[in-house]
Amino acid sequence: MPSVWPENPRLIGTRITRLDGLVKATGKAKYPSDMHPEGMLFGAMLYSPHAHAKIKSIDLAPAERMPGVKAVMIVGAIKPGSTLRFQGDDIAAVAAETEEQAWDAVLAIKVEYEVLPHVVTEAQAVAPGAASVFKGTGIVNNQKKARSQTNGDPEKALGAPGVVSIEANYMAPVITHVCLEPHGLTVRFVGEDKIEAWASTQAVGVTAGDLAGAFGIPTTNVTVHTEVMGGGFGSKFGADIWGITAAHLSKKAGGRPVKMFLDRAHEHLGAGNRPSAIAHVKLGASKDGKLVSLIAETSGTGGAGSGSNFPLPYVYAVPNSSRTHTDIFVNGGNARAMRAPGHPQGCIVMEAAMDDLADKLGIDPLEFRLKNLKERDMVEDGFSKPTVDRTPMYLDEVAMGADLIGWKAKWKPRGKNGDGPIRRGLGMALHQWGGGGPATNQVACTINPDGSVEMKSATQDIGTGARTIFAIIAAEVLGLNVTDITSNIGNSTFPPGQPSGGSTTTPAMSPPAFNAAILARDELFVKVAPGLNAKPEDLTLADGQVCVKGEPKLPWKDACRKLGQQSIQVTGKSSPGLASQHGGVGGCQFAEVSVDIETGVVRVKKIVAIQDTGLIIDKMTWETQVYGGVIGGLNYGLFEERVMDPTVGIMLNPDMELYKLAGASDIPEIVVRAYETPAMKARGVIGVGEPPTVSTAAAIGNAVSNAIGVRVPHWPMSPKNVLDALASKEGKA
Amino acid sequence: MKAFEYVSTASADIAVKALGGVDGAILAGGTDLLSRMKDYVTTPKRVVDFNPQSVVQKETSPGGVPTWTILAGTTLADLLASKALREELPALWQAASEVGTPQIKNMATIAGNLLQRPRCWYYRSGFGLLSVKDGKNLLREGDNRYASIFHTDGDALFVAPSSLAVPLIALGASATILGPKGERTVMVSSLYQIPKRDSDRELTIGADEVLTKITLPAPQGKNATYEARQKQSHDWPLVLASVSLRFDGASVSQASIVIGGVAPIPYRAVEAEKAMFGKPVTLETAEAVAANAINGVKPLSGNVYKVALTKTVVKRALLAAVGNRYWEEV
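First, a word on what this report is: a plain description of the structure on this page. (Residues numbered from 1 in each chain as written. Chains lettered and ligands numbered in written order. Predicted model: local features only at pLDDT ≥ 70, side-chain atom pairs only at ≥ 80, totals over all residues. Heavy atoms only, no water.)

Our next topic: the overall build of chain A. Per the secondary structure count, chain A includes 19 helices and 32 strands. For the C-alpha atoms alone, the extent of chain A along its principal axes is close to 90 × 70 × 45 Å. With 733 residues in all, chain A has 62% of them scored as buried. Look at the contacts in chain A between residues 6 or more apart in sequence, and 79% of them connect residues 24 or more apart. Taken as a whole, chain A presents about 26,800 Å² of accessible surface, with 53% of it coming from carbon and sulfur. (Helix = DSSP H or I, 4+ residues; strand = E, 2+ residues; numbered from the N terminus. Buried < 20%, exposed > 50% of the residue type's maximum accessible area, 1.4 Å probe, protein only. Contact = heavy atoms within 4.5 Å. Areas by Shrake-Rupley, 256 points an atom, 1.4 Å probe, with all protein chains shown as cover.)

With that settled, the discussion passes to the interface of chain A and chain B. With 38 residues of chain A at the interface, the matching set in chain B holds 35 residues. Carbon and sulfur atoms supply 55% of the area buried between chain A and chain B, which totals about 3,200 Å² over both sides. The tally of links between chain A and chain B comes to six salt bridges. In this structure, the connection of chain A to chain B is made through 19 residue pairs in polar contact (both at pLDDT 80 or more). Elements represented by at least two residues in the side of chain A that touches chain B include exactly helix 3 (99-108), strand 22 (422-433), strand 30 (585-596), strand 31 (601-611) and helix 19 (719-732) of chain A. Residue composition of the side of chain A that touches chain B, by class: 18 nonpolar, seven polar and 13 charged. (Buried area = accessible area lost by both parts, 1.4 Å probe. Salt bridge = Lys/Arg side-chain N within 4 Å of Asp/Glu carboxyl O. Polar contact = N/O pair within 3.5 Å; in protein donor to acceptor, adjacent residues only side chain to side chain. Nonpolar A, V, L, I, M, F, W, Y, C, P; charged D, E, K, R; others polar.)

With 19 residues, helix 9 (residues 343-361) of chain A extends 26 Å from end C-alpha to end C-alpha; this agrees with the ideal 27 Å at 1.5 Å per step. Within helix 9 of chain A, 17 of the 19 residues are buried, which leaves the element mostly enclosed by the surrounding structure. (Expected span 1.5 Å × (residues − 1).)

Residue and element names in this part refer to chain A. Across the sheet, which stays open at both edges, the four strands sit in the order 22-30-31-32 with mixed pairing between neighbours. A strand with exactly one partner marks an edge of an open sheet, and here the two such strands are strand 22 and strand 32 (669-674). Strand-to-strand, the axes of this sheet are offset by a mean angle of 15 degrees, without reference to chain direction. Bridging between strand 22 and strand 30 involves 12 bridges; their strand directions are antiparallel. Along strand 30, the bridge assignment pairs I422 with D596. (Pairing = 2+ DSSP bridges. Axes fitted to C-alpha atoms, helices over the stretch in contact; angles between N-to-C directions.)

On to the sheet that holds strand 1 (residues 41-47) of chain A, then. Residue and element names in this part refer to chain A. Taken in spatial order, the seven strands of this open sheet run 3-5-1-15-12-13-14, and their pairing is mixed. Because the sheet does not close on itself, it has two edges, and the strands there are strand 3 (69-74) and strand 14 (222-225). Within this sheet the neighbouring strands show an average axis-to-axis angle of 20 degrees, counted without direction. Pairing geometry for strand 12 (residues 184-190) and strand 13 (residues 194-199), over six bridges, is antiparallel. Within strand 13, the position partnered with V187 by the bridge is A197. Each of strand 12, strand 13 and strand 14 touches helix 6 (residues 204-215); the most contacted strand, strand 14, lies at about 145 degrees to it. Packed on one face of the sheet, helix 7 (residues 240-252) meets strand 1, strand 3, strand 5 (90-96), strand 12, strand 13 and strand 15 (258-261) and runs near 35 degrees to strand 12.

Here the structure, examined in full by the defined rule, presents nine aromatic pairs over all chains. For the pair W121 of chain B and Y146 of chain B, a centre-to-centre distance of 5.3 Å together with 55 degrees between the ring planes defines the contact as tilted. Highlighted residues: W121 of chain B in the loop between helix 7 (110-115) and strand 6 (132-133) and Y146 of chain B in the loop between helix 8 (138-141) and helix 9 (165-170), separated in sequence by 25 residues. One aromatic cluster is present, built from ring pairs that chain together W407, W411 and F590 of chain A. For R323 of chain A, the ring lying beneath its charged end belongs to F310 of chain A, and the centroid distance is 4.6 Å. Sitting over the ring of W93 of chain B, R86 of chain B keeps its end group 3.8 Å from the ring centre. (Phe/Tyr/Trp six-rings, centres within 6.5 Å; stacked < 30°, edge-to-face > 60°. Lys NZ or Arg CZ within 6 Å of the ring centre and 35° of its normal.)

The subject of this paragraph is the nonpolar core. Among the nonpolar cores identified, the biggest contains 141 residues, and L283, L291, M350, F590, I700 and V704 of chain A together with L318 of chain B are the most heavily contacted of them. Excluding anything up to four places from it in sequence, I700 of chain A contacts A591, V593, V604, I607, L634, L638 and M717 of chain A. (Core = buried A, V, L, I, M, F, W, Y, C linked by side-chain atoms within 4.5 Å.)

Scanning the model with the defined rule gives 44 salt bridges over all chains in all. Residue D240 of chain A pairs with R336 of chain A through a salt bridge whose shortest N-O separation is 2.9 Å. Here R336 of chain A lies in the loop between strand 19 (320-328) and helix 9 and D240 of chain A lies in helix 7, a separation of 96 residues in the sequence. Across the pair E202 of chain B and R117 of chain B runs a salt bridge whose closest N-O atoms are separated by 2.7 Å. Residue E202 of chain B is located in the loop between strand 9 (182-187) and strand 10 (210-217), and its partner R117 of chain B is located in the loop between helix 7 and strand 6; the two are separated by 85 residues in the primary sequence. Exposure remark for R117 of chain B: the relative accessible area of 11% places this residue in the buried category. Counted as one network, the salt bridges with shared partners bring together D596 and E598 of chain A together with E287, K315 and R316 of chain B.

This brings us to the pairing of strand 10 of chain B. Residues and elements named next belong to chain B. Burial runs high along strand 10: six of the eight residues are buried. Bridge count for strand 8 (residues 174-179) against strand 10 is five bridges, and the pairing is antiparallel. Along strand 10, the bridge assignment pairs S174 with T215.

What follows is about the packing of helix 16 (residues 619-638) of chain A against helix 18 (residues 696-708) of chain A. Each packed pair of helices is defined by two parameters, the angle between the axes and the distance between the axes. All names here are of chain A. Between helix 16 and helix 18, the shortest axis-to-axis distance is 7 Å and the interhelical angle comes to 50 degrees. It follows that helix 16 is oblique to helix 18 by the angle criterion. Between helix 16 and helix 18 the crossing geometry is right-handed. Residues G629, V630, G633, L634, Y636, G637 and L638 of helix 16 lie in contact with helix 18, whose contacting residues are T696, A697 and I700. Grouping the amino acids of the contact of helix 16 with helix 18 by side-chain chemistry returns six nonpolar, four polar and no charged. (Parallel < 35°, antiparallel > 145°, perpendicular 65-115°, else oblique. Left-handed = near helix turned anticlockwise from the far one by under 90°.)

Residue and element names in this part refer to chain A. Mapping K135 onto the fold places it in the loop between helix 4 (122-126) and strand 7 (139-140). Note on K135: relative accessible area 73%, which makes it exposed. Taking the C-alpha atoms as reference points, K135 and G205, separated by 70 residues in sequence, lie 34 Å from one another.

See below:
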């Protein structure tokens, strides 16, 4: 019989503090970059200082002669004649006794470059006669057209009598992940064919596989540890060239461990980014506010090879649409998945156009949005059946959010927000995401004769609270406290666990955790029932007691003692109904801002985030993920931007100073609410890591436009972009 | 970071001797020098860790104007802790309060703030002070959103980075400098110059000299600073202005108006100062005076927005001095 979540849970869905929160906050937790195994050497990478260059020669000898240097190597397939396609492209690596020696040695490596012409901005890349990043099928002038999509007859619909339309350009820049802990690992080559690594990764299993594959050794010979990790956001799915290089250096250095973590600049340059979005949009609706047509020509850059596409149309029902997207290639680091890949860009473009059109129509943008939801928007339940309609969910969520931001009382049309220097504005945006998890993972549950309980799987905690989630589920089933459970994760040799991407970790790991706890419990019942003169099916667990027909009979520890020498050790798998496999969530966010129109400075006063994600295991870790998502979105909305220099082809702000990120005093009041009805709970577990970061930047941009009466077409909402938008409005007037 | 010799002293005399004849650098709070060394932008042979006292005091001399003395090693945190300074030198207090983070304020010193090197991203990327490469000025051709809008005919397009220089110049402060030939005192404004060649420095202080203290006469009148920046937390000003005003009745009899973030040196808005003369500070006069502050402005391709920002910042600094904070939400 398939298991079902308890109808009246004691712990599931309550607010439970992260079990490892204190050790993380106090610095007691040892991150992979804190590891310092005995005999450890420091690794450092030499990377391209040029945006585009050919290597004429490499001489490692000067570095090899430097003090403290134990190993030097050229990385990957680099050799004389190789082309480097971006500043930050990897060339060689060093391992030395101290970090300073390693960097000095990196500088001593002699590389002769033939500097090639480069393109680092979208405008540079598409200019006539621009240098080519690389040759490939279908690439013309550094551009590759994605397949265009057309529904209905958008041109005709837009030109129909009575249709009101806008035509606008919107732009969002390339941003980078800025993981607080950089990419990398500390690795030890053991003997001829074994590897042990402490990696900052969101996929211990994938990282182990990468290392095994690189050396042609069995994955069983590789152990990857990730007890805790300092942020990934989609950019840390494997060993990467840096990890594999570090393992080679360790082998060369006779098995001495090598620590290889990127410096902050390299992190910005070569460890992934979110592609830019450039959109030319025409959006039209009937006078009463029903969308009829969207025509969008979009482009973006994901660097020297990655794509940049994003979903559009987004969320709303548009009967006629045409969309063409062009990938632009530049001599910049390649994009990697970044928290809800594509969606924040799609949301900015769609929601900005929605707001601009609502303004032109003279309709409240909230009403305009509700009018244009899909008639039915079916997404999956916990049995992979499309029985859940997202449209009424959006209606409820928007009502909740509007109430919390005070839309009815505070919202005023554009240009009607006062005449002083400080203007207040409200904005909103809707978003969607998948967030289910595959049914392919396992969790081991052990009950020991001393009463201790261990939950174990090769997943990791990217911020989802995986340890706490396991403990809550086991404690719920076993009638124990959360702190009675030991959760062990972040070890590639444990039973197969979910890589943390696509908001899949909690939905993928909760079902096998639940089933493992049930299997262990049932085995315990079989063992202790005879001693209680009861049948196993008469036993239950509650408040640390084994109960017979509901009556407490035996304390937990005494029951476990009856196991004698033998622990119970079982492995749980997933089963239908406990979690959604493909998800399909919605949500909305509202922003209240004040804009100083004399300085262009934007202050976000309040964000309201409403989110549905099925059954919530821990309300507190759920909320903290939404806070994190909102803060990430706020950074995208207000601050972040990769700035490239066209002449020399370098990134000008590869730091955390001029690459701007919110500090504590930039964080507004954030109100988070779960949309968690019985129908939502019945969908089972769905992940929440990504959806709450999607619509924040769009909502902030809309709030700024509402405040100042003019669209700021360029994200982020910096003083420059705001003042430039105000000036262009005056220029037109 | 390149290996270096290290000297630590609280004595200015020893610091000057230690700087003699080598490629040396003074380490004050370290918030600037260490990051330049880590990025290989600055590679001194000898680092002289000069840690003099942190002292702020006001001395009254009989019959004369009282004088404020701020020793070189005074941290921004200690400056901010002085209640008397906050009351009498709000322009300086305000500028100091907006610098960096609490951690930086605890480390950074007044001398270090005045003598820090430009934050220009080309300079920090190793392209030199003027960032001219193959005859092309990278800052002029490239992303110059944070660059100068005044004195832009030359090649020095970076902005002077010191926030404290702006109010100190407005307040008529002097700097005392000790060198191998003894002590000299100059106006704080004379610490800065516009470099013409890449080998020039933007600071006039010699490589073997040490700034020992700042002195300024107690202001007779009102003073204030207004700063505009993108973030509320740790960020650099986009533009800031400090004013020091003397009054004859309700009218301004003498005005000092200095703007930061707009030129390779702290920029003195002389025409605005003249325009302020003989008028009371009102919303209307401040607006008109601020318009004079941008006479001769020549923005670059990407920083036209700074012109409007400069006007606003000057206007608000003037009004802040007389207690009109019209831009604050009620």
